[in-house]
Amino acid sequence: MAQADSKLLVLGALAGVAGVSVGLAVVYFRGLRSERRASCPGFYLNRTSDQGPGIMVVDGPGMATGQTEVLDRLEALIQCVSELKDEMKALKNALPTLQDQVREELRGRDEARRATPQHRATPTRRKRAPGAISGVRAETRSSEEAESEGGYITALTDSEEDEEPSDEEQSEDKLSALLDRIDRLHQGSESDKRESLGVLLEHREEFGRSSPFLWRLVRAYCDVHDISSTLEEKKAQAETGKRIGEEAVSLNPTCAESHQWYAIMCGIMAEYDTIQNKIKNGYIFKDHLDKAIELKPRDPMSYYLLGRWCYAVAQLSWIERKVAATLFGEPPSATVEDALNNFLKVEEIQPAYSKLNYIFLAKCYKDLGRREKAREMCEAARSMNSDSKEDAEAQKELDVLCPALGL
């Protein structure tokens, strides 16, 4: 049985008891009054008399003062019980509609509150409970909490129902929306990539201490470097991107993407530096790529880049190795087998990762004398579309490699 119905039954029982009490009191009072009239015919009850507390003396012998007080109090008690009975009856009739009346009143207040300029100008969000709660459970819980022990519906205060978002939450939401937009622009056209860099630079002062923001800024410089047409512009983008990449790594050494894109910018800068700086950037490239793989071991891009580094080191001439040993004491070391294993790891994590990955697999197999496997990789590369500038460059290499393998 519902709690409100139980309350009605209890109140009804109380009203019934009150009625019985009133009845018994009246019967007793009338009996007593009859006895008094028989013994004292000169007295009778008069409720409208202003001469005393409900008792008027007519012709007859005097009545004791104590008996008069008892009759007065008894009459007052009967009057109070009668009024209480009427109030209980009215309350019993009003209870079935009281809940709806309270709801209507609260709804009207809530609508009036929301209509004020303050609530129209300042959006509020509902405070989230920790953990996911299903709609049925949430509705049941709210209805149970809203009903008080007295059976009435209680209203949640503004502080309990609505909570103004803090400045920190607003900033996080803004950053999240910005990063989503930047990721979409990164996948777009050349103009989208330039727009991405411009948007990031506009918000650098606001979000420059955020690792996800900074490594995306490095990535944007890399994108613009690739689509730039002049050597001066390419070198400027590479230098700035490398400097910001170093800042991103220093800000958060546990961010895999920061290490990854800093390594990429070091590799790009090798195209514009002296021999000494090229070798130095090669060491930096390898160190940060290893760190990125340690922090995020299932990222195919890091293994692809490491495979490219291993393949490039394996192709170093004797003179280049001597220069490296002279400058740094120990030349970089890697073999074609190391490169092959990294490219295979890419394929394991994400099959058909890229056209270039198939081409470098073919190169490794060709260098190792496994020409049949090299042809298989070339065929796999041929089956992929050339959708990006990188794919177009890969196709050029494929056009040179296939004739060398008899394709």
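Residues numbered from 1 in each chain as written. Predicted model: local features only at pLDDT ≥ 70, side-chain atom pairs only at ≥ 80, totals over all residues. Heavy atoms only, no water.

Under an unreviewed UniProt entry, the name given to the protein is Regulator of microtubule dynamics protein 2, and the source organism is Salarias fasciatus. The UniProt entry for the protein carries the following text under Sequence similarities (unreviewed entry): "Belongs to the RMDN family." Listed in UniProt under the heading Subcellular location (unreviewed entry), the comment for the protein reads: "Membrane". (UniProt positions renumbered as here; feature names shortened; annotations may be inferred.)

Moving on: the pattern of salt bridges. Pairing is possible between side chains of opposite charge, provided their charged atoms come close. With the rule as written, the count across this model stands at 15 salt bridges. In this structure, the salt-bridge partner of Arg216 is Asp183, at a minimum N-O distance of 2.9 Å. Remark: Asp183 occurs in helix α6 (residues 167-186) and Arg216 occurs in helix α9 (residues 211-227); sequence separation between them is 33 residues. Judged by its relative accessible area of 11%, Arg216 falls in the buried class. Classification of Asp183 as partly exposed rests on a relative accessible area of 25%. Overlapping salt bridges, with partners in common, bring together Asp183, Arg216 and Arg219 in one network. (Salt bridge = Lys/Arg side-chain N within 4 Å of Asp/Glu carboxyl O. Helix = DSSP H or I, 4+ residues; strand = E, 2+ residues; numbered from the N terminus. Buried < 20%, exposed > 50% of the residue type's maximum accessible area, 1.4 Å probe, protein only.)

Moving on, we get to the packing of helix α11 (residues 256-269) against helix α12 (residues 275-295). Orientation of α11 relative to α12, taken along the N-to-C sense of each, is 160 degrees, at an axis distance of 8 Å. The orientation of α11 with respect to α12, classified from their angle, is roughly antiparallel. Considering the relative orientation of α11 and α12, their crossing is left-handed. Residues Ala256, His259, Gln260, Tyr262, Ala263, Ile264, Cys266, Gly267 and Met269 of α11 touch α12, and the partners they reach there are Asn281, Ile284, Phe285, His288, Leu289, Lys291, Ala292 and Leu295. (Axes fitted to C-alpha atoms, helices over the stretch in contact; angles between N-to-C directions. Parallel < 35°, antiparallel > 145°, perpendicular 65-115°, else oblique. Left-handed = near helix turned anticlockwise from the far one by under 90°. Contact = heavy atoms within 4.5 Å.)

Take unusual backbone geometry next. Residues other than glycine seldom take positive phi values, yet Ala352 does so here, at roughly 55 degrees. Positionally, Ala352 belongs in the loop between α15 (336-349) and α16 (355-367).

On the surface, a cluster of negative charge is made up of Asp226, Glu271, Glu390 and Glu393. Mapped onto the elements of the fold, Glu390 is located in helix α18 (residues 389-404). Judged by relative accessible area, Glu390 falls into the partly exposed class, the value being 39%. (Patch = residues over 30% accessible without salt bridge, like charges linked within 9 Å, V, L, I, M, F, W, Y side chains within 5 Å. Areas by Shrake-Rupley, 256 points an atom, 1.4 Å probe, with all protein chains shown as cover. Lys, Arg positive; Asp, Glu negative; His and termini not counted. Charge placed at Lys NZ, Arg CZ, Asp CG, Glu CD.)

What follows deals with the environment of Ala352. With relative accessibility at 36%, the residue Ala352 sits in the partly exposed group. Excluding anything up to four places from it in sequence, Ala352 contacts Glu347, Tyr358 and Met384.

With that out of the way, let us pick up α15. Between its first and last C-alpha, α15 extends 20 Å over 14 residues, near the 20 Å set by a 1.5 Å rise per residue. Looking at α15, one finds that the buried residues are Val336, Ala339, Leu340, Asn342, Phe343, Val346 and Ile349. (Expected span 1.5 Å × (residues − 1).)

Glancing now at α6. Its 20 residues place the ends of α6 28 Å apart at the C-alpha level, agreeing with the 28 Å of an ideal helix rising 1.5 Å per residue. Within α6 the residues assigned to the buried category are Leu175, Leu178, Leu179, Ile182, Leu185 and His186. Within α6, the buried residues cover an arc of 120 degrees as seen down the axis, which keeps them to one side. Those residues of α6 hidden inside the fold are in contact with α7 (190-202), α8 (204-207) and α9. (Arc of directions from axis to C-beta.)

Note on placement: Asn385 falls in the loop between α17 (371-382) and α18. On the basis of relative accessible area, Asn385 is assigned to the exposed category, the value being 58%. Taking C-alpha positions, Asn385 is 8.2 Å from Lys355, a pair spaced 30 residues apart along the chain.

Turning to the environment of Gln315, a few remarks are in order. Assignment of secondary structure puts Gln315 in the loop between α13 (300-314) and α14 (318-328). The spacing of Gln315 and Val336 is 21 residues in sequence and 8.4 Å in space, taken between C-alpha atoms. Not counting chain neighbours up to four residues away, the residues in contact with Gln315 comprise Val336 and Asp367.

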